[in-house]
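Understanding the architecture of this molecule
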Amino acid sequence: MKPIQTAGVIGLGSLGVLYATLFTRALGKEQVPVLADGARIARYRKQGFWYNDAPCDFNYTDAAARTEPVDLLLFAIKFGGLQNAIETCRHLVGPDTLVISVLNGISSEEILGDAFGPEHVVWCVAERMAAKKEGNRVVCDPIGELAVGVPAGEDTSRLQRLTAFFDSIGFYVVPADIRTHMWSKLLCNTGCNQAALVFQCDYGPLQVPGKPRDTMIGAMREVAAVANAEGVPLSEKDVAAWVDIIDHLPSNGETSMRQDGKNHRKSEVELFAGTIRRLAAKHGISVPVNDWLYQQIQEMERNY
């Protein structure tokens, strides 16, 4: 089993900066190309990045200028930029390259599998971190973890190769069922992220009784109902577990969707309420909280 010695990162949002930092510490700067097109790389080099008040010394790399595949390629961009990112890095996925995504939702693994072959993709969920990006500065505490796995019944050798590398960093878990785990994180995001955007709040109002918290929990319960219809065994225990995690995050922390809203960027509502509403319609399930959140977010974005 070939060890992972090079790890490319595409996307320098808060999670991209976090994982580029961790990978660079583990492998060394030259082994971790931070990939983009030439124009974006020029901006990266000019502005620089800071992580937890320390300057980042990244290996900014024009993807088109690199010819050698990487051993690991991590996608850390917004969903709307995924297809462009795939084309930017397509030539960097070789026969032995592993591909992971820290995008929200449950769609990116299938899209990456269609692009590169499912045998290259390890399913991944980024969770339990509190990351905030303002301009070129990222603050992240705690750093959370990556939950990784492959679908039930598939060969686990690619997962074992990835975790052998992650053992040098120590920030991952391997759930018993990665599909259920990804749906569980979708439950969290659909409630927490969307409520924070609509009510324009940090974690604080989600941690105390009131309409933001009630809306968050209501949206989560609707996800559980849709998951059950899809054959995924989520329950009230999953809702309670995520609410407990959210209750212990820094009260002044912000979800990624709240940060998108403050900066008038398009949100990931289609990955959250959009996904749940489409699947709910398929199964004849009523999801009024997600319907309301979807409508509110669409209206907010029309007014940007």
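These figures come from a predicted structure and were not determined experimentally.

Under the definition given, this model contains 18 salt bridges. Put simply, E254 and K132 hold a salt bridge, and the shortest N to O gap is 3.9 Å. Of this pair, E254 sits in the loop between α8 (236-247) and α9 (256-262) while K132 sits in strand β9 (residues 131-134), placing them 122 residues apart in sequence. We note a salt bridge from D260 to R265, for which the minimum N-O separation is 3.0 Å. You can call R265 partly exposed: its relative accessible area is 39%. The network of salt bridges with common partners includes K132, E134, E254 and K262.

Enumeration over the complete set of coordinates arrives at zero disulfides. Residue C140 stays outside any disulfide, its sulfur separated by 12 Å from that of C56, the closest cysteine. With no disulfide partner, C188 has as its closest neighbouring cysteine sulfur the one in C192, 5.3 Å distant. Residue C188 is classed as buried on the basis of its relative accessible area of 7%.

The next point concerns the packing of helix α7 (residues 211-229) against helix α11 (residues 288-302). In helix packing, the relevant descriptors are the interaxial angle and the interaxial distance, both defined with respect to the helix axes. Where α7 meets α11, the closest approach of the two axes is 8 Å, and the angle between their N-to-C directions is 120°. Classified by the interaxial angle, the pair formed by α7 and α11 is oblique. Considering how the two elements wind past one another, α7 and α11 form a crossing that is left-handed. Across the interface between the two elements, K211, T215, G218, A219 and E222 of α7 pack against P288, V289, N290, W292 and L293 of α11. Grouping the constituent residues of the contact of α7 with α11 by class yields five nonpolar, three polar and two charged.

In this section: the nonpolar core. In this structure, Y19, F23 and L146 are the most contacted members of the largest nonpolar core, which totals 42 residues. Broken down by element, this core gets its largest block of residues, seven residues, from helix α1 (residues 14-27). Once you skip the residues sitting within four places of it in the chain, Y19 turns out to touch L74, V102, A126, M129, E145, L146 and F171. Counting 41 residues, the second largest nonpolar core, distinct from the first, contains A196, V232, V239 and L271.

With respect to topology, five strands assemble into an open sheet ordered β5-β2-β1-β6-β7, the strand pairing being parallel. Each end of this open sheet is capped by a strand with a single partner; those strands are β5 (59-62) and β7 (93-101). Each neighbouring strand pair of the sheet contributes to a mean axis angle of 30°, computed without reference to strand direction. The pairing of strand β2 (residues 33-36) with β5 spans four bridges and is classified as parallel. Within β5, the position partnered with P33 by the bridge is N59. Across the sheet, helix α4 (residues 108-116) is in contact with β6 (70-75) and β7; its angle to β7 comes to roughly 170°. Its contacts with the sheet put helix α5 (residues 157-166) on β6 and β7, and the angle it makes with β7 is roughly 70°.

Mapping K185 onto the fold places it in helix α6 (residues 178-198). Buried charge K185 goes without a salt bridge, the closest partner of opposite sign being E127 at 6.0 Å. In this structure K185 touches N104, V125, A126, E127 and W242, once residues within four positions along its chain are discounted.

Let's shift gears to the pairing of β7. Counting buried positions over the nine residues of β7 gives seven, a clear majority of the element. Across five bridges, the pairing between β6 and β7 is parallel. Following the sheet pairing, L74 is matched in β7 by I100. A crossover connection joins β6 to the parallel β7 through helix α3 (residues 82-89); in handedness this β-α-β unit is right-handed.

Ordered in space as β4-β3-β10-β9, the four strands form an open sheet in which the pairing is mixed. Strands at the two margins of the open sheet, each flanked by one partner only, are β4 (54-55) and β9. Here four bridges tie β9 to strand β10 (residues 137-140), and the two strands are oriented antiparallel to one another. Across the sheet, A131 pairs through a bridge with C140, a residue of β10.

Take the packing of α6 against α7 next. As a packed pair, α6 and α7 sit with axes 8 Å apart at the nearest point and diverge in direction by 150°. What the angle tells us is that α6 and α7 run roughly antiparallel. In this structure, the crossing between α6 and α7 has a hand that is right-handed. Across from W183, L186, L187, C188, T190, G191, C192 and A195 in α6, the residues of α7 making contact are P212, M216, A219, M220, V223, A224, V226 and A227.

About the cut-offs
- Residues numbered from 1 in each chain as written.
- Predicted model: local features only at pLDDT ≥ 70, side-chain atom pairs only at ≥ 80, totals over all residues.
- Heavy atoms only, no water.
- Salt bridge = Lys/Arg side-chain N within 4 Å of Asp/Glu carboxyl O.
- Helix = DSSP H or I, 4+ residues; strand = E, 2+ residues; numbered from the N terminus.
- Buried < 20%, exposed > 50% of the residue type's maximum accessible area, 1.4 Å probe, protein only.
- Disulfide = S-S within 2.5 Å.
- Axes fitted to C-alpha atoms, helices over the stretch in contact; angles between N-to-C directions.
- Parallel < 35°, antiparallel > 145°, perpendicular 65-115°, else oblique.
- Left-handed = near helix turned anticlockwise from the far one by under 90°.
- Contact = heavy atoms within 4.5 Å.
- Nonpolar A, V, L, I, M, F, W, Y, C, P; charged D, E, K, R; others polar.
- Core = buried A, V, L, I, M, F, W, Y, C linked by side-chain atoms within 4.5 Å.
- Pairing = 2+ DSSP bridges.
- Lys, Arg positive; Asp, Glu negative; His and termini not counted.
- Right-handed = clockwise from strand over helix to strand, strands pointing away.

So, to be careful, I would describe these as geometric facts and stop short of saying anything about function.
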